[in-house]
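Breakdown of the fold
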Amino acid sequence: MHAFDVLGDPVRRRILELLADGELSSGEVTAVIRDEYGISQPAVSQHLRVLRDNGFARVRAEGTRRLYAVEAAPLREVDMWLDRFRRFWEQRLDALATELARGRRERRIADDPGTGPGPGPEEDPGHEENR
């Protein structure tokens, strides 16, 4: 199964989100997924199996419990595939950061006109530290 087929299911994505916070038992995963999606324990087990069989999750036995955790390798592969598209949103995020900084600076100036652009203490010959 292709990585995006595995990740295309919202239940499996949610399970991975849960596991990203740390190892969980199948019972803990089932309880959350049953509450959020209203699906049965066998259905959750099937999703866990798909994640495990496709390398997105690993399982270990601890007594009678089965503990699941995220397996990073397939997620790195998805990230590498997405890398060619990253430029489409990174430029926009850079522009957003610039606009946010501009807005903060304008608010600071509006709130206290004395903090506007001008020489800093090291550039101001009249500043106490420079006398």
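Quick note: structure is the one above.
Summary of the structure given here. (Residues numbered from 1 in each chain as written. Predicted model: local features only at pLDDT ≥ 70, side-chain atom pairs only at ≥ 80, totals over all residues. Heavy atoms only, no water.)

1. Here's the deal with the sheet that holds strand S2 (residues 57–62)
- Across the sheet, three strands lie side by side as S1-S3-S2; this open sheet has antiparallel pairing. Looking at the sheet topology across the chains shown, the edges are occupied by strand S1 (24–25) and S2.
- Relative to strand S3 (residues 65–70), S1 runs antiparallel, the two being bridged by two bridges. From the neighbouring strand, Leu-24 faces S3, where its bridge partner is Tyr-68. (Pairing = 2+ DSSP bridges. Helix = DSSP H or I, 4+ residues; strand = E, 2+ residues; numbered from the N terminus.)

2. Remarks on the nonpolar core
- Formed by 18 residues in total, the largest nonpolar core has its most connected members in Ile-15, Leu-19, Val-29, Ile-33, Leu-48, Leu-51 and Phe-56.
- Elements with a minimum of two residues in this core: helix H1 (3–7), helix H2 (10–20), helix H3 (26–37) and helix H4 (41–53).
- Among the elements that make up this core, the one with the highest residue count is H2 (five residues). (Core = buried A, V, L, I, M, F, W, Y, C linked by side-chain atoms within 4.5 Å. Buried < 20%, exposed > 50% of the residue type's maximum accessible area, 1.4 Å probe, protein only.)

3. Focus on a positive patch on the surface
- On the surface, Arg-104, Arg-105, Arg-107 and Arg-108 cluster together to form a positively charged patch.
- Note on placement: Arg-108 falls in helix H6 (residues 86–111). (Patch = residues over 30% accessible without salt bridge, like charges linked within 9 Å, V, L, I, M, F, W, Y side chains within 5 Å. Areas by Shrake-Rupley, 256 points an atom, 1.4 Å probe, with all protein chains shown as cover. Salt bridge = Lys/Arg side-chain N within 4 Å of Asp/Glu carboxyl O. Lys, Arg positive; Asp, Glu negative; His and termini not counted. Charge placed at Lys NZ, Arg CZ, Asp CG, Glu CD.)

4. Regarding the packing of H2 against H4
- At a minimum axis separation of 10 Å, H2 and H4 run at an interaxial angle of 75°. Viewed along their axes, H2 and H4 adopt a mutual orientation that is roughly perpendicular. The segment H2 lies against H4, with Val-11, Arg-12, Ile-15 and Leu-16 engaging His-47, Leu-48, Val-50 and Leu-51.
- Split by residue class, the contact of H2 with H4 holds six nonpolar, one polar and one charged. (Axes fitted to C-alpha atoms, helices over the stretch in contact; angles between N-to-C directions. Parallel < 35°, antiparallel > 145°, perpendicular 65-115°, else oblique. Contact = heavy atoms within 4.5 Å. Nonpolar A, V, L, I, M, F, W, Y, C, P; charged D, E, K, R; others polar.)

5. Let's talk about the packing of aromatic side chains
- All chains considered together, the criterion is met by two aromatic pairs.
- Relative to Trp-81, the ring of Phe-4 has its centre 5.0 Å away and its plane inclined at 65°; by these criteria the two rings are edge-to-face. In this pair, Phe-4 is assigned in helix H1 and Trp-81 in helix H5 (residues 73–83), connecting sequence segments 77 residues apart.
- On the numbers, 4.9 Å between centres and 45° between planes, the contact of Trp-81 with Phe-85 is tilted.
- For Phe-85, a relative accessible area of 29% puts it in the partly exposed group.
- Pairwise contacts between aromatic rings join Phe-4, Trp-81 and Phe-85 into one cluster. (Phe/Tyr/Trp six-rings, centres within 6.5 Å; stacked < 30°, edge-to-face > 60°.)

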